[in-house]
Amino acid sequence: MKTCKSQLKSVDLLKVIWYYLVTLKVTKGGQTVNTNKLRGKMAENGITIGRLAELIGVTSNTVSAWLKSGNIKSKHMADIAAVLNLSPEDTIAIFFSDK
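Our subject in this report is the structure included herewith. All figures in this text were calculated on a predicted structure; none of them were measured in a lab.

## So, the overall build of the protein
When helices and strands are counted, the protein shows six helices and zero strands. Sequence-ordered secondary structure for the protein, helices as α and strands as β, is α-α-α-α-α-α. Sorting the 99 residues of the protein into buried and exposed places 31% on the buried side. Counting contacts in the protein only where the partners sit at least 6 residues apart, residues at least 24 apart contribute 66% of the total. When the accessible surface of the protein is totalled, it reaches about 6,500 Å², and 55% of it is carbon and sulfur.

## Considerations on the packing of helix H2 (residues 35–44) against helix H4 (residues 60–69)
One can describe the packing of H2 onto H4 by two numbers: an axis separation of 8 Å at closest approach and a directional angle of 135 degrees. With respect to H4, the axis of H2 lies oblique. Across from Thr-35, Leu-38, Arg-39 and Met-42 in H2, the residues of H4 making contact are Trp-66, Leu-67 and Lys-68. The residue inventory of the contact of H2 with H4, partitioned by class, reads four nonpolar, one polar and two charged.

## Side note on helix H5 (residues 74–83)
Among the residues of H5, those classed as buried are His-76, Met-77, Ala-78, Ile-80 and Ala-81. One or two positions beyond H5, positive phi appears at Asn-85, with a value near 55 degrees.

## Considerations on the pattern of salt bridges
Taken as a whole and assessed by the stated rule, the structure comprises three salt bridges. For Asp-90, the salt bridge identified is with Lys-41, shortest N-O distance 3.1 Å. Residue Asp-90 is found in helix H6 (residues 88–95), and its partner Lys-41 is found in helix H2; the two are separated by 49 residues along the sequence. Linked by salt bridges that have partners in common, Lys-41, Glu-44 and Asp-90 make up one network.

## Here's the deal with unusual backbone geometry
With phi around 55 degrees, Asn-85 is a residue other than glycine that occupies positive phi space. Considering the arrangement of structural elements, one finds Asn-85 in the loop between H5 and H6.

## As for helix H3 (residues 49–56)
Along H3, the positions that sit buried rather than exposed are Leu-52, Ala-53 and Ile-56. Down the axis of H3, the buried set is contained in an arc of 100 degrees. They therefore lie on one face. Looking at the packing, one finds that the buried side of H3 touches H2, H4 and H5. Positive backbone phi, approximately 85 degrees, marks Gly-57, located one or two places after H3.

## Let's talk about the environment of Val-58
Tracing the sequence through the fold places Val-58 in the loop between H3 and H4. For the pair Val-58 and His-76, spaced 18 residues apart in sequence, the C-alpha to C-alpha distance is 9.3 Å. What Val-58 contacts, discounting residues up to four positions off in sequence, is Ala-53, Val-63, Trp-66 and His-76.

The rules behind these values
Residues numbered from 1 in each chain as written. Predicted model: local features only at pLDDT ≥ 70, side-chain atom pairs only at ≥ 80, totals over all residues. Heavy atoms only, no water. Helix = DSSP H or I, 4+ residues; strand = E, 2+ residues; numbered from the N terminus. Buried < 20%, exposed > 50% of the residue type's maximum accessible area, 1.4 Å probe, protein only. Contact = heavy atoms within 4.5 Å. Areas by Shrake-Rupley, 256 points an atom, 1.4 Å probe, with all protein chains shown as cover. Axes fitted to C-alpha atoms, helices over the stretch in contact; angles between N-to-C directions. Parallel < 35°, antiparallel > 145°, perpendicular 65-115°, else oblique. Nonpolar A, V, L, I, M, F, W, Y, C, P; charged D, E, K, R; others polar. Salt bridge = Lys/Arg side-chain N within 4 Å of Asp/Glu carboxyl O. Arc of directions from axis to C-beta.

Following this line, the structure appears as C-alpha cells:
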C-alpha cells in the first residue's frame, strides 16, 4: 500500500491537535475515556485487543487494562484513533466524554 506525503502530514497534524486537546482536558480535571464506545469501534473494525496492541506498540495486557480502567495515556490516544480510523466526532465521544 502506498502512502502519500500529504496523508502522513495530516496524521502528524492530527496527533499534534489530539495531544493539545488531551493536555487541555487533563489540565481541566482529567480525562474520561468511554470504554464502551471504544470497544464498539474496535468490534466495527474487526480489531481485537491483541491486534490493537500490536499496531500501537504496547502489550495486550496494557490494552486490557485500559479497557477495564478507562485510563489511557494521552500519547496513545492519537494512535488508537488512527488505527480505528475514528472521525473527529467519534474521537471526542470516546476520549473526551463526560460519561
